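# Structure at a glance
Chain by chain, the residues:
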Amino acid sequence: MVIDQFADEVYGHTHQEMMYVDKHLLNVFIANILGSATQKDLGPFYPLKDSPGLIAFVAEAVMQAKDEGEAALMARSANDTARSLVKYALRELDTVYRAKLYDTFDAYVKIDPEEIKDYLASRCSKTLFLDGFTNLSWAQMIFLSKVIPLFQETFMTLDPVYVDRERWSKFLESLSIQSVKVLYEGAASSPKAAGPLERLLKDQGPTVKLEGDFIQIACFKDPEAELIQVCRDIKRRIVDDGMKPGEIAVVLNNFSERAGEFSRKLRNIKFQ
């Protein structure tokens, strides 16, 4: 179970009177908010208020603000006009939600440990395993800092290459306040440990040639190199091959962690 699903399930169990808002419904809300806005509300964006591109941009910015914290997003925003637009959307969205709706980010930051401890005790074991994280968002840190103390022990794997040191320090500080003891164990690579994995990767059978060669497989040294190359391929297909953005699909193994990073890289990548 990914962390999004875990948060949604736990929060939803204790707030069964509320309705969950997924990404698609959020886009509908953003479209309605922009569609009913005045020129004063949107400023220079007003002529584009019904544009699918603007709706998608605002929806993505709202999700980033909820996930990373509004202050962090505002600091990265290109200009005051963009900041005002996102702030307006967030205010209006709060009015829409009120006490009847919630999304994953609300589940992260608004969860009450006292409300969920009995449910977790009956639903889960005494040990929590957290794996596959390249980093933690602001909202995820809040959620885990509330959930981890409810378990007797927690095992968590993180890649030190990609972890934001400052953010990780703040997370450890929040755990320390709750008297959670953190122990580190480095997983050093060794021939004995890597041997079985290397054999597994090599023993994949004969290469299968797909009709029309419409599938290509590429290997990269790390996730960052992979991300850069995928963004370059997407932009080249749009510019050189005339493809439309809606004709390209990108599937991520952990949407909540990689989507924002992917979107920023795609906007910033330069052609070579």
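For the structure itself, consult the block above.
All values reported here derive from a predicted model rather than from experimental measurement. (Residues numbered from 1 in each chain as written. Predicted model: local features only at pLDDT ≥ 70, side-chain atom pairs only at ≥ 80, totals over all residues. Heavy atoms only, no water.)

Within the structure shown, the criterion is met by eight aromatic pairs. Judged by centre distance (6.3 Å) and plane angle (65°), the rings of phenylalanine 29 and tyrosine 97 are edge-to-face. Residue phenylalanine 29 is found in helix H2 (residues 23-35), and its partner tyrosine 97 is found in helix H6 (residues 80-97); the two are separated by 68 residues along the sequence. Each of the two residues, phenylalanine 29 as well as tyrosine 97, counts as buried. Here the aromatic rings of phenylalanine 129 and phenylalanine 155 are separated by 5.4 Å at their centres, their planes lie at 15°, and the arrangement is stacked. (Phe/Tyr/Trp six-rings, centres within 6.5 Å; stacked < 30°, edge-to-face > 60°. Helix = DSSP H or I, 4+ residues; strand = E, 2+ residues; numbered from the N terminus. Buried < 20%, exposed > 50% of the residue type's maximum accessible area, 1.4 Å probe, protein only.)

Here we come to the packing of helix H4 (residues 52-68) against H6. Relative to each other, H4 and H6 sit at 75°, their axes nearing to 10 Å. Judged on the interaxial angle alone, H6 and H4 are roughly perpendicular. On the side of H4, the interface is formed by Leu54, Phe57, Val58, Ala61, Val62, Ala65 and Lys66, while H6 contributes Leu85, Val86, Ala89, Leu90, Leu93 and Tyr97. Of the residues in the contact of H4 with H6, the class split is 12 nonpolar, no polar and one charged. (Axes fitted to C-alpha atoms, helices over the stretch in contact; angles between N-to-C directions. Parallel < 35°, antiparallel > 145°, perpendicular 65-115°, else oblique. Contact = heavy atoms within 4.5 Å. Nonpolar A, V, L, I, M, F, W, Y, C, P; charged D, E, K, R; others polar.)

What follows covers the nonpolar core. If you look at the biggest cluster of nonpolar residues, it comprises 55 residues, and the most contacted ones within it are Ile30, Leu34, Val58, Phe143, Leu144, Val147 and Phe171. At eight residues, H4 tops the list of elements feeding residues into this core. (Core = buried A, V, L, I, M, F, W, Y, C linked by side-chain atoms within 4.5 Å.)

Relative to the elements of secondary structure, serine 145 occurs in helix H9 (residues 138-147). What serine 145 contacts, discounting residues up to four positions off in sequence, is Phe171, Ser174, Leu175 and Gln178.

Before going further, it helps to spend a moment on the pattern of salt bridges. Counted by the stated rule, this structure contains eight salt bridges. With a closest N to O distance of 2.5 Å, arginine 83 and aspartate 80 form a salt bridge. Linking arginine 83 with aspartate 80, this pair stays in helix H6, spanning three residues, or about one helical turn. The exposure class of arginine 83 is partly exposed, given its relative accessible area of 21%. For aspartate 80, a relative accessible area of 55% corresponds to the exposed category. Glutamate 166 is paired through a salt bridge with lysine 170; the nearest N and O atoms lie 3.8 Å apart. With glutamate 166 and lysine 170 both in helix H10 (residues 165-177), this residue pair falls four residues apart, about one helical turn. The exposed category is assigned to glutamate 166, whose relative accessible area is 54%. (Salt bridge = Lys/Arg side-chain N within 4 Å of Asp/Glu carboxyl O.)

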